[in-house]
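# Structural description and commentary
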Amino acid sequence: MSTQVPRLLAGLVDDAAVFPPGSATLPDALAAHRRHRDSWYADLVGPLLVPASALPALAGLLGVDERFAVGVIADVPLDRLDGLRAGIDPRIDVRQVEAAVAKRGEDPQPGLAELAALARATGLRAYAEVPLAFGLMGALDALAAARADGVPIAAKFRTGGLAAELFPTPVELAAVIAACRDRELPFKLTAGLHHAVRHLDPETGLVHHGFGNVLAATLAAPEGAEVDELAALLAATDPARLAERARAARDATRPLWVGFGSCSIVEPLTDLIRLGLVNGGEE
């Protein structure tokens, strides 16, 4: 582990450059990800996230002896994923698969069971994206039960998007964090977490969650913090308060929160440098 990126932040940011709002081309995203992996902050960066349908195109961009780790986002039916994985170029190392198991208002259980079956059969780490709506707690119970049975599956939640209703309130997100804590259930987040501190985005007019707020809340949750305390941390806008909590735990392993996907690596990295949580490349 690099002394420049503390253990607490290891693998925090998956590279979602090809997804909106960044929407980089696959060649550009691949070139940028290679630079990230060769950089002083490489320990911060998780795999490149690519749509399942883009795996054949990715193979055509790799060097002859290159081995490349990716996370696959399911943009094809789940029953096609296993066959797609079996047929991909051996230079592509699929580390995880992520899939939305239901739309808002739908029962997540059928899709969750299908993804769990895929994870059991392939051994791939799977993340089930569950809407923060109907059937949420039952889905978390099912995920926890599957994990207890040896299935490598965890939860994934959306924390933003292009409309206000896609942003959970601090109380809603706090309740999810507490529910995962109570079930010892790891989770990922996606959408809207480009910056460390909760803020109003001047372009969209929407208030975005901060990944530093989420980090503070996930550190407090195992200590027994209840939903109201977690919600207060998620709503906080004082960078010093959030950085202090993270700095105190810099040598610890991040509890439960696997990380988040971001179409930008530079934006969260810049915020971490400004907060003094990574040292900006200086030994």
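This text goes with the structure placed above it.
Quick look at the structure, then. Owing to the predicted nature of the structure, the values given are computational and were not obtained by experimental measurement.

In terms of regular secondary structure, the protein chain is built from 10 helices and 10 strands. In terms of overall dimensions, the protein chain has C-alpha extents of about 50 × 45 × 35 Å along its principal axes. Taking all 283 residues of the protein chain together, the buried fraction comes to 54%. Put simply, 73% of the contacts in the protein chain that link residues at least 6 apart link residues at least 24 apart. Summing over all exposed atoms, the protein chain offers an accessible surface of approximately 12500 Å²; the carbon and sulfur share of this is 53%. Separation between the mean location of the 26 positive side-chain charges and that of the 36 negative ones in the protein chain comes to 2 Å.

Relative to the 20 Å expected for 14 residues at 1.5 Å per residue, helix H6 (residues 170-183) spans 20 Å between its end C-alpha atoms, a close match to the ideal helical length. Contacts made by the buried residues of H6 are with helix H5 (136-148), strand S6 (153-158), strand S7 (187-190), helix H7 (211-220) and helix H8 (227-235).

The next subject is the pairing of strand S4 (residues 92-100). A regular strand carries its side chains on alternate faces of the sheet. Burial within S4 is extensive, with 7 of its 9 residues counted as buried. Pairing of strand S3 (residues 68-73) with S4, which is carried by 6 bridges, proceeds in the parallel orientation. If you follow Ala-69 over to S4, its bridge partner there is Asp-93. One ladder, built from 5 bridges, connects S4 with strand S5 (residues 125-129); its direction is parallel. Bridging across to S5, Val-97 finds its partner in Ala-126. For the segment spanning S4, helix H4 (residues 109-122) and S5, crossover handedness is right-handed.

Next up on the list: the packing of aromatic side chains. Under the definition given, this model contains 4 aromatic pairs. Ring centres of Trp-40 and Tyr-41 lie 5.4 Å apart, and the angle between their planes is 85 degrees; on these two criteria the pair is classed as edge-to-face. Residue Trp-40 is classed as partly exposed on the basis of its relative accessible area of 26%. An aromatic cluster of at least three residues, connected via ring pairs, comprises Phe-211, Trp-257 and Phe-260.

It is worth spelling out H5 at this point. Here H5 is 13 residues long and its end C-alpha atoms lie 18 Å apart, about the 18 Å a rise of 1.5 Å per residue gives. Within the sequence span of H5, burial applies to Leu-136, Ala-139, Leu-140, Leu-143, Ala-144 and Ala-146. On an axial view of H5, the arc spanned by its buried residues comes to 160 degrees, and they lie on one face. Packed against the buried residues of H5 are H4, S5, S6 and H6.

Take the pattern of salt bridges next. Summed over all chains, the structure comprises 14 salt bridges. With a shortest N-O distance of 2.9 Å, Arg-34 and Glu-66 are connected by a salt bridge. Taken as a pair, Arg-34 in helix H1 (residues 26-37) and Glu-66 in the loop between helix H2 (55-59) and S3 lie far apart in primary sequence, 32 residues in all. Overall, Arg-34 belongs to the partly exposed group, its relative accessible area being 29%. Arg-183 serves as the salt-bridge partner of Asp-141, at 2.7 Å between the closest nitrogen and oxygen.

Right, let's get into the sheet that holds S7. The strand order around the closed barrel formed by 8 strands is S1-S2-S3-S4-S5-S6-S7-S10, and the pairing between neighbours is parallel. On average, each strand axis in the sheet is tilted by 30 degrees relative to the strand beside it, whichever way the strands run. Across the sheet, H7 is in contact with S7 and strand S10 (257-262); its angle to S10 comes to roughly 170 degrees.

On to the environment of Gly-135. Checked against the element boundaries, Gly-135 lands in the loop between S5 and H5. A relative accessible area of 30% means that Gly-135 is categorised as partly exposed. Residues Gly-135 and Pro-108, spaced 27 residues apart in sequence, show a C-alpha to C-alpha distance of 6.5 Å.

Okay, the environment of Glu-244 next. In this fold, Glu-244 is placed in helix H9 (residues 239-248). On the accessibility criterion, Glu-244 (57% relative accessible area) is exposed. It is 17 Å that separates the C-alpha atoms of Glu-244 and Pro-268, two residues lying 24 residues apart in sequence.

Before going further, it helps to spend a moment on the pairing of S10. With 5 of 6 residues buried, S10 lies mostly within the body of the structure. Both strand S1 (residues 13-15) and S10 contribute to a ladder of 3 bridges, which runs parallel. When the bridges of S10 are listed, Val-13 appears paired with Phe-260. Sheet topology places S7 next to S10; 4 bridges connect them, and they run parallel.

Thresholds, definitions, all that
For every chain, the first residue of its written sequence is number 1, and the numbers climb from 1 along that sequence. For this predicted model, a pLDDT threshold of at least 70 governs which residues receive local features, and a threshold of 80 or more governs which side-chain atom pairs are given and counted, while totals over whole chains, interfaces and linings are taken from all residues. Hydrogens and water are ignored here; the side-chain numbers use all heavy atoms of the structure. Labels follow the DSSP assignment, with helices taken as runs of H or I lasting at least four residues and strands as runs of E lasting at least two, numbered in each case from the N terminus. For each residue, the accessible area found with a 1.4 Å probe, counting protein chains only, is set against the maximum for its type, and the residue is called buried under 20%, exposed over 50%, and partly exposed in between. In what follows, residue pairs with any heavy atoms lying within 4.5 Å of each other are defined as contacts. Methods summary: accessible areas were calculated by the Shrake-Rupley approach with a probe of 1.4 Å, and residue burial reflects only the protein chains presented. Positive: Lys, Arg. Negative: Asp, Glu. His and the chain ends are not part of the count. Lys charges are placed at NZ, Arg charges at CZ, Asp charges at CG and Glu charges at CD. To estimate how far a helix should reach, multiply one less than its number of residues by 1.5 Å. We treat two strands as partners when DSSP finds at least two bridges between them. Crossover handedness is defined by viewing with both strands directed away from the observer: a clockwise path from the first strand over the helix to the second marks the crossover as right-handed. Working definition: rings of Phe, Tyr and Trp (its six-membered ring) pair if their centres are within 6.5 Å, and the pair is stacked with planes under 30 degrees apart, edge-to-face with planes over 60 apart, and tilted otherwise. An arc is given here, and it is the one of the directions from the helix axis to the C-beta atoms. When a carboxyl oxygen of Asp or Glu is within 4 Å of a side-chain nitrogen of Lys or Arg, the pair counts as a salt bridge. For helices, the axis comes from a line fit to the C-alpha atoms of the stretch in contact; other axes are also lines fit to C-alpha atoms, and the angle between any two N-to-C directions lies between 0 and 180 degrees.

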